Amino acid sequence: DLGTELFSRMLDPTMSYSCALFERDGMTLEQASIAKLERVCEQLDLRPEDQVIEIGTGWGGFAVHAAATRGCRVTTTTISADQHAYAVARVRDAGLEDLVTVLRSDYRDLRGRYDKLVSIEMIEAVGWQQIGTFFARCSRLLHPHGAMLLQAISIDDRAYEVEKASRSFIKDYIFPGGCLPSLEVIQRNLARRTDLQTVDLHDLTSSYVTTLRRWRERFLAHTP
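Basis of the calculations
- Residues numbered from 1 in each chain as written.
- Predicted model: local features only at pLDDT ≥ 70, side-chain atom pairs only at ≥ 80, totals over all residues.
- Heavy atoms only, no water.
- Helix = DSSP H or I, 4+ residues; strand = E, 2+ residues; numbered from the N terminus.
- Buried < 20%, exposed > 50% of the residue type's maximum accessible area, 1.4 Å probe, protein only.
- Contact = heavy atoms within 4.5 Å.
- Axes fitted to C-alpha atoms, helices over the stretch in contact; angles between N-to-C directions.
- Left-handed = near helix turned anticlockwise from the far one by under 90°.
- Nonpolar A, V, L, I, M, F, W, Y, C, P; charged D, E, K, R; others polar.
- Pairing = 2+ DSSP bridges.
- Right-handed = clockwise from strand over helix to strand, strands pointing away.
- Core = buried A, V, L, I, M, F, W, Y, C linked by side-chain atoms within 4.5 Å.

Locating Ser207 in the fold gives a position in helix 9 (residues 205-221). A residue is classified by how much of its surface remains accessible, and Ser207, at 5% relative accessible area, is buried. Excluding anything up to four places from it in sequence, Ser207 contacts Cys19, Ala20, Leu21 and Phe22.

Okay, structure coming up:
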């Protein structure tokens, strides 16, 4: 809740505060953000008949993109008052109020069953004590043959215990009270707390380098 005005100077028009996908040289930040949203929709094979739940609305970029391009129904939730207000207005301006529902609710309070679940760089703020709870809730929100896509900033398995116990720039300034998960921790919690299994994995690390550079360039350009 630092303010949409601040983030709008730093982010591209999609208002995506997550790693973009730079598939080729010369892509703008907006093009790469849209490419990432397309990758999410393609990975989940989103269709008009799908009921989708998103944990972590951000400013509504995924919900609007999925509903507008795939015709699916999206329910998305955030605990940020600022982001909720922005996303509601964005959905209304896009004429998608019949397809997109924006909730202001903690993910642990979500109920119902959905065909697809999306969570884009929200798990980092959950905290290591709640990772199992997070995946358990995701599992309960999905129909038996449902599919989930998680985008996460992960940490090396060997560094996870140190990250969990220590202070860091990320934990103090970016995700207060959070913790970057490792792939091993994700797999362990999937096995212990859910009936989910991993079927695909993509590494976007190289694109994050470029994403961060573009955010920094935009931030500095608008510093006045």
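On we go from here.
This part takes up the environment of Ser139. Structurally, the position occupied by Ser139 is in helix 5 (residues 131-141). Residues Ser139 and Glu124 lie 15 residues apart in sequence; the distance between their C-alpha atoms is 18 Å. Excluding residues within four positions of it along the chain, Ser139 makes contact with Thr194, Asp195 and Leu196.

Our next topic: the packing of helix 2 (residues 29-43) against helix 3 (residues 61-70). Relative orientation of the contacting elements helix 2 and helix 3 amounts to 65°, with a least axis distance of 10 Å. By crossing handedness, the relation of helix 2 to helix 3 is classed as right-handed. Residues Ile34, Leu37, Glu38, Val40, Cys41 and Glu42 of helix 2 form the contact with helix 3, whose participating residues are Gly61, Phe62, His65, Ala66, Thr69 and Arg70. Residue classes in the contact of helix 2 with helix 3 are distributed as six nonpolar, three polar and three charged.

Regular strands place side chains that alternate from one sheet face to the opposite one. Most of strand 1 (residues 51-55) is tucked away: four of the five residues are buried. One ladder, built from five bridges, connects strand 1 with strand 2 (residues 73-78); its direction is parallel. Within strand 2, the residue paired with Ile53 across the bridge is Thr75. Note that the unit made of strand 1, helix 3 and strand 2 has a crossover that is right-handed. Relative to strand 4 (residues 114-120), strand 1 runs parallel, the two sharing three bridges.

To continue, consider the sheet that holds strand 4. The strands making up a sheet associate through backbone hydrogen bonding, with each pair oriented either parallel or antiparallel. In space, the five strands of this open sheet follow the order 3-2-1-4-5, with parallel pairing throughout. At either end of the open sheet lies a strand with only one pairing partner, and these are strand 3 (100-104) and strand 5 (142-151). Each strand of the sheet is rotated relative to its neighbour by a mean of 20°, with strand direction disregarded. Across the sheet, helix 5 is in contact with strand 1, strand 4 and strand 5; its angle to strand 5 comes to roughly 135°.

Of all six residues that make up strand 2, five are buried, and the element is covered over most of its length. Here five bridges tie strand 2 to strand 3, and the two strands are oriented parallel to one another. Paired with Thr76 across the bridge in strand 3 is Val102.

Counting 23 residues, the largest nonpolar core has Ile55, Tyr107, Leu117, Phe134 and Phe135 as its most contacted members. Of all the secondary structure elements, the ones that give two or more residues to this core are strand 1, strand 4, helix 5 and helix 8 (183-193). It is helix 5 that provides the largest number of residues to this core, a total of five residues. Not counting the four nearest positions on each side in its chain, Phe134 is found in contact with Ile55, Tyr107, Ser119, Met122, Ile123, Val126, Met148 and Leu150. Core analysis: the next-biggest nonpolar cluster, separate from the first, contains 22 residues, Val40, Leu46, Ala63 and Val100 among them.

Without other data, these values stay purely geometric and don't point to any function.
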